[in-house]
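Topology and contacts: notes
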Amino acid sequence: MKSESVSGADVPPIARRRDDRDVSDCVRVLTEVHEHDGYPVNWPAHAEAWLTPPPRIASWVAELDGRVAGHIGLSRSDVGDAAPGLWSARAGVSIDATAVINRLFVAPWARGHGIGALLMARAVTEAHDRGLHPVLDVVASDTAAAALYERLGWQLLATIEQKWTPEQKVAVRCYAAAMA
């Protein structure tokens, strides 16, 4: 599907590197997504910092009609990421050979325009350009995200239970991109 701009012309979404000026728009969109879908499951104390996990490689935003409509990040493996270990064990390589796709969200008003797939393609390309294999974890209850990954050819590695807090256990689906 394509978007119709204010001028009436069809304008496809674009993806570009996120810069510091985008962070407040990303937090606004993340708030909309959280209210609509419950992502992230636990609202972060500092949403701006949550968007930029410490082992970050890069982040991108998608724009639709000149508005930030989505976000994705690419990071090195960090404590708590399950997919890198699962994929590295299966592939017989170091966890350092992976890159973790994270912080993917699309504004509810912008869905149906291919933004999730567009952002995924940008992050996967960056990982491959760096000689890294992309992996990700997703809450098992997020069936829309899992459907996107599977439609894009990602392989389910396992569904595991993670302990996020002393009182909270969450089922997480771990995926790896298809071999390039």
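To be clear, the structure that these remarks concern was listed above.
Every value quoted in this text rests on a predicted model; they were computed, and no experiment measured them.

A look at the sheet that holds strand 7 (residues 133–139)
Spatially, seven strands are ordered 3-4-5-6-7-9-8 in an open sheet, and the strand pairing comes out mixed. The open sheet has two edge strands, strand 3 (14–17) and strand 8 (155–165), and neither has a second partner. Adjacent strand axes in the sheet meet at a mean angle of 30°, parallel and antiparallel pairs treated alike. Where strand 5 (residues 67–75) meets strand 6 (residues 98–106), five bridges bridge the pair, whose relative direction is antiparallel. Counterpart to Gly73 in the pairing with strand 6 is Asn102. Taken strand by strand, helix 1 (residues 23–37) contacts strand 4 (56–64), strand 5 and strand 6, and its axis lies near 95° from that of strand 5. Of the strands in this sheet, strand 3, strand 4, strand 5, strand 6 and strand 7 are in contact with helix 4 (residues 115–129), which crosses strand 5 at around 30°.

Considering the environment of Gly116
The residue Gly116 is located in helix 4 in this model. Exposure remark for Gly116: the relative accessible area of 11% places this residue in the buried category. For Gly116, the residues in contact, after removing those within four places along its chain, are Val106 and Leu148.

Regarding the packing of aromatic side chains
Applying the stated criterion to the full structure yields three aromatic pairs. Judged by centre distance (6.3 Å) and plane angle (50°), the rings of Tyr149 and Trp154 are tilted. Judged by its relative accessible area of 7%, Tyr149 falls in the buried class. Each member of the aromatic cluster is reached from another via a ring pair, and the members are Tyr149, Trp154 and Tyr175. For Arg103, the ring lying beneath its charged end belongs to Trp50, and the centroid distance is 4.1 Å.

Some details on the nonpolar core
Ranked by size, the top nonpolar core spans 43 residues in total, and within it Ile101, Met120, Tyr149 and Trp154 carry the most contacts. Of all the secondary structure elements, the ones that give two or more residues to this core are helix 1, helix 2 (47–50), strand 4, strand 5, strand 6, helix 4, strand 7 and helix 5 (143–151). Those residues within four positions of Trp154 in sequence are excluded, and the remaining contacts are Ile101, Met120, Val124, Pro134, Val135, Leu136, Tyr149, Tyr175, Ala176, Ala177 and Ala178. Membership of the second largest hydrophobic core comes to 11 residues, among which are Ala83, Trp87, Val135 and Val170.

Rules used in this analysis
Residues numbered from 1 in each chain as written. Predicted model: local features only at pLDDT ≥ 70, side-chain atom pairs only at ≥ 80, totals over all residues. Heavy atoms only, no water. Pairing = 2+ DSSP bridges. Helix = DSSP H or I, 4+ residues; strand = E, 2+ residues; numbered from the N terminus. Axes fitted to C-alpha atoms, helices over the stretch in contact; angles between N-to-C directions. Contact = heavy atoms within 4.5 Å. Buried < 20%, exposed > 50% of the residue type's maximum accessible area, 1.4 Å probe, protein only. Phe/Tyr/Trp six-rings, centres within 6.5 Å; stacked < 30°, edge-to-face > 60°. Lys NZ or Arg CZ within 6 Å of the ring centre and 35° of its normal. Core = buried A, V, L, I, M, F, W, Y, C linked by side-chain atoms within 4.5 Å.

Remember that the coordinates give geometry; whether it matters functionally is a separate question.
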